[in-house]
Structures are given as C-alpha cells and as structure tokens.
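# Fold and contact review
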Amino acid sequence: GIGVDSTGSAYVAGYTSSWDFPLTRAVQGSFRGVFDAFLAKLNPSGVGFAYSTLLGGLGSDAAHSLAVDAIGQAFLAGQTQSSDFPLAAAVQPN
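What counts as what
- Residues numbered from 1 in each chain as written.
- Predicted model: local features only at pLDDT ≥ 70, side-chain atom pairs only at ≥ 80, totals over all residues.
- Heavy atoms only, no water.
- Helix = DSSP H or I, 4+ residues; strand = E, 2+ residues; numbered from the N terminus.
- Buried < 20%, exposed > 50% of the residue type's maximum accessible area, 1.4 Å probe, protein only.
- Contact = heavy atoms within 4.5 Å.
- Areas by Shrake-Rupley, 256 points an atom, 1.4 Å probe, with all protein chains shown as cover.
- Pairing = 2+ DSSP bridges.
- Axes fitted to C-alpha atoms, helices over the stretch in contact; angles between N-to-C directions.
- Salt bridge = Lys/Arg side-chain N within 4 Å of Asp/Glu carboxyl O.
- Patch = residues over 30% accessible without salt bridge, like charges linked within 9 Å, V, L, I, M, F, W, Y side chains within 5 Å.
- Phe/Tyr/Trp six-rings, centres within 6.5 Å; stacked < 30°, edge-to-face > 60°.

## Observations concerning the overall build of the protein chain
For the protein chain, the helix and strand inventory stands at zero helices and six strands. Traced from its N-terminal end to its C-terminal end, the protein chain shows the element sequence β-β-β-β-β-β. Overall, the protein chain is about 35 × 30 × 20 Å in size when its C-alpha atoms are taken along their principal axes. Relative to its full complement of 94 residues, the protein chain shows a buried share of 33%. Residue pairs in contact within the protein chain that sit at least 24 positions apart in sequence constitute 53% of those at least 6 positions apart. Taken as a whole, the protein chain presents about 5,700 Å² of accessible surface, with 58% of it coming from carbon and sulfur.

## Observations concerning the sheet that holds strand β4 (residues 49–55)
If you trace the four strands from one edge of the open sheet to the other, you get β1-β2-β3-β4, paired in antiparallel fashion. Edge positions in the open sheet fall to β1 (2–4) and β4, since each of these has one partner strand only. In this sheet, neighbouring strand axes are inclined to one another by 15° on average, regardless of whether the strands run parallel or antiparallel. Summarising the sheet, strand β2 (residues 10–16) and strand β3 (residues 36–42) pair through six bridges and their orientation is antiparallel. Looking across to β3, one finds that Ala-13 is bridged to Leu-39.

## What to know about the pattern of salt bridges
A side chain with one charge can pair with a side chain of the opposite charge if their charged atoms come near. All chains considered together, the criterion is met by two salt bridges. Two residues, Asp-5 and Lys-41, come together in a salt bridge whose shortest N-O distance is 4.0 Å. Within this pair, whereas Asp-5 is found in the loop between β1 and β2, its partner Lys-41 is found in strand β3, the two being separated by 36 residues in sequence. Per residue, the accessibility class of Asp-5 equals that of Lys-41, and both read buried. Residue Asp-84 is joined to Arg-32 by a salt bridge in which the shortest nitrogen-to-oxygen separation is 2.9 Å.

## Remarks on a nonpolar patch on the surface
Residues Tyr-15, Val-34 and Phe-35 make up a contiguous nonpolar surface patch of roughly 280 Å² in combined accessible area. Inspection of the secondary structure assignment puts Phe-35 in the loop between β2 and β3.

## Side note on the packing of aromatic side chains
If you walk through the whole model with that rule in mind, you get three aromatic pairs. A centroid spacing of 5.3 Å and a plane angle of 90° characterise the contact between Tyr-15 and Phe-35, whose relative ring orientation is edge-to-face. Of this pair, Tyr-15 sits in strand β2 while Phe-35 sits in the loop between β2 and β3; the two residues are 20 residues apart in sequence, bridging distant segments of the chain. The class for Tyr-15 is partly exposed, based on a relative accessible area of 47%. On the basis of relative accessible area, Phe-35 is assigned to the partly exposed category, the value being 32%. Arranged with centres 4.9 Å apart and planes meeting at 35°, the rings of Phe-21 and Phe-38 form a pair that is tilted. On the criterion of sequence distance, the pair formed by Phe-21 in the loop between β2 and β3 and Phe-38 in strand β3 is long-range, its members being 17 residues apart.

Below, the structure written as structure tokens:
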C-alpha cells in the first residue's frame, strides 16, 4: 500500500522476510516471523525515513493496504497467522 499526507510525505506498507530491514524510530525493532508487516514514512524530499517499523509475531504477517488521514495517521489492513500478533486495545483480542 502507498499513501501521501498533506505535507507530501509518502507512506509505504507491505511485508518482508528481511532480517536487516532498515528501521528508524521503530515500534517493533526486530524481525520476528516468517514474514512481518512493515510501515515506513518517507520524508517529503523522498530522502530518508521519518520512521520505519516492523509489525508481526512468530508466524506470517502482511500489510496489504494503507490509508493516511488528514493529520498523518496511517491505518493498515492485512492479515496475520501469528497467535502472538502484538495487539493494543483490540476489540477481538483472540
């Protein structure tokens, strides 16, 4: 998934199996599974990351689509096969 906010920053989401995925200000600082989802925000100039992070558990996790709202919040949709997928305030935690 790809999105752009009102400042011109680009957002990219997907999945990776890379153990050395480039991380900047990451929420999840290491690769954990078969595939992990990722979210990266590029600076408006397109040079460098404002942030990039992985998201996943011990199974396969992927982000397939992305939306960015007017204040620069990124929303991901995807899939997980991880019983230990990191959740916060989930409506359905299992």
